[in-house]
Amino acid sequence: MRDVRGIERFGTVDILVNNAMAARVGVPLEEITDEDLELAFRTGPMASVYFMRACFPHLKGGGRVINLRSGSEIQGLVGYGAYVSAKAAVGGLTRTAAREWGAHDITVNAICPFALSEGAKSYFDTRPDELDAALSGLSLRRTGDAEADIGRAAVFLAGPDASFITGCSIMVDGGGSFLG
């Protein structure tokens, strides 16, 4: 682990949540650049692998990994080619790690959220028509709350009630993914 301040302070890692990712969106597939792909993959699945490898020794014996994916993988959103590809890679990583790390009593799951996080709010503030379109495709017709909806799903996956759940992706998206 390059930065060991967390280990020095707490002595271990019990739960790893891979959430951050950067990607350029609104770009047709034929116009995606190598830089667009590199950004999405470097900050998404590659960063997740790096953190997972660094935390692996500390997670043995009951640790939890929660990766953030996206329902856009199922929907195949127009203009999101780099983002969707990277999130799909996180899905494969999640399933593989669940199989490999189960022997070490580590569960690895994913959440596919749709919530009005700070990042999503900034994005949709400049694209209100896209938010309206997204909401019309949701069964519940509203955005989720990052803390109350997505956070509670993460707390469940990190807790003892989910100790026999691994390799799964939980759709926490208001019913949008299955509509795609």
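Criteria and thresholds
- Residues numbered from 1 in each chain as written.
- Predicted model: local features only at pLDDT ≥ 70, side-chain atom pairs only at ≥ 80, totals over all residues.
- Heavy atoms only, no water.
- Core = buried A, V, L, I, M, F, W, Y, C linked by side-chain atoms within 4.5 Å.
- Buried < 20%, exposed > 50% of the residue type's maximum accessible area, 1.4 Å probe, protein only.
- Helix = DSSP H or I, 4+ residues; strand = E, 2+ residues; numbered from the N terminus.
- Contact = heavy atoms within 4.5 Å.
- Axes fitted to C-alpha atoms, helices over the stretch in contact; angles between N-to-C directions.
- Parallel < 35°, antiparallel > 145°, perpendicular 65-115°, else oblique.
- Left-handed = near helix turned anticlockwise from the far one by under 90°.
- Nonpolar A, V, L, I, M, F, W, Y, C, P; charged D, E, K, R; others polar.
- Salt bridge = Lys/Arg side-chain N within 4 Å of Asp/Glu carboxyl O.
- Bend = angle between axes of the 7 residues up to and from the residue.
- 1 Å grid on protein atoms, 1.4 Å probe; cavity = no way out; pocket = protein on both sides within 12 Å on 5 of 7 lines; lining within 4 Å.
- Points joined across faces, edges and corners; volume = space filled by probe spheres on them.
- Disulfide = S-S within 2.5 Å.
- Phe/Tyr/Trp six-rings, centres within 6.5 Å; stacked < 30°, edge-to-face > 60°.

Colleague: Describe the nonpolar core, naming the residues involved and giving the relevant values.
Modeller: Met52, Leu59, Val65, Trp101, Ile106 and Val108 are the most contacted members of the largest nonpolar core, which has 14 residues in total. Those elements giving two or more residues to this core turn out to be α2 (34-59) and α4 (81-101). Discounting residues that sit within four places of it in the chain, leucine 59 has contacts with Val13, Asp14, Ile15, Arg64, Val65, Trp101 and Ile106. If you look at the next biggest cluster of nonpolar residues, it comprises 10 residues, including Leu68, Ile111, Ala115 and Leu157.

Colleague: Summarise the packing of α2 against α4; cite the residues concerned and give the values.
Modeller: It is at 8 Å that the axes of α2 and α4 come closest, and there the two elements cross at 20°. In terms of their interaxial angle, α2 and α4 are classed as roughly parallel. Crossing angle aside, the handedness with which α2 passes α4 is right-handed. Taken together, the residues of α4 that come into contact with α2 (itself represented by Asp36, Leu37, Ala40, Phe41, Gly44, Pro45, Ser48, Val49, Met52, Arg53, Phe56 and Leu59) are Ala82, Tyr83, Ser85, Ala86, Ala89, Val90, Leu93, Ala97 and Trp101. Counted by class, the contact of α2 with α4 contains 16 nonpolar, 3 polar and 2 charged residues.

Colleague: Describe the pattern of salt bridges, naming the residues involved and giving the relevant values.
Modeller: Inspection of the entire model under this criterion finds 5 salt bridges. Arginine 127 is the salt-bridge partner of glutamate 130, the closest N and O atoms lying 3.9 Å from each other.

Colleague: Account for α2, with residues named and values stated.
Modeller: The sharpest bend along α2 comes to roughly 40°, located at arginine 42, with the proline proline 45 sitting one to four residues further on. Of all the positions in α2, only Asp36, Ala40, Gly44, Pro45, Ala47, Ser48, Met52, Ala54, Cys55, Phe56 and Leu59 are classed as buried. Elements in contact with the buried residues of α2: β1 (15-18), β2 (64-68), α4 and β3 (107-113). Trailing α2 by a residue or two, glycine 61 shows a phi angle of about 90°, which is positive.

Colleague: Talk me through the layout of surface pockets; I want residue IDs and the actual numbers.
Modeller: Of the pockets and cavities examined, the largest pocket occupies roughly 1,200 Å³. Taken together, 39 residues line the largest pocket, and the ones lying closest to its centre are Ser70, Tyr83, Pro113, Phe114 and Ala120. Going through the elements one at a time, α3 (72-75), α4, β3, α5 (118-125), α6 (128-136) and α7 (146-158) are the ones with two or more residues in the lining of the largest pocket.

Colleague: Provide a residue-level description of the state of the cysteines, including the pertinent values.
Modeller: Under the counting rule described, the total for this entry stands at 0 disulfides. Looking at cysteine 168, it has no disulfide partner, and the nearest cysteine sulfur is the one in cysteine 112, 11 Å off.

Colleague: How would you sum up the environment of aspartate 161? Please name residues and give values.
Modeller: The residue aspartate 161 is located in the loop between α7 and β4 (169-172) in this model. A sequence separation of 49 residues divides aspartate 161 from cysteine 112, and the C-alpha atoms of the two residues are 19 Å apart.

Colleague: Account for the packing of aromatic side chains, naming residues and giving values.
Modeller: Scanning the model with the defined rule gives 4 aromatic pairs in all. Both rings, one in phenylalanine 114 and one in phenylalanine 124, keep their centres 6.3 Å apart while their planes meet at 70°; by these two values the pair is edge-to-face. Of this pair, phenylalanine 114 sits in the loop between β3 and α5 while phenylalanine 124 sits in helix α5, and the two are 10 residues apart along the sequence. Take phenylalanine 114 and phenylalanine 124: they sit in the same class, and that class is buried.

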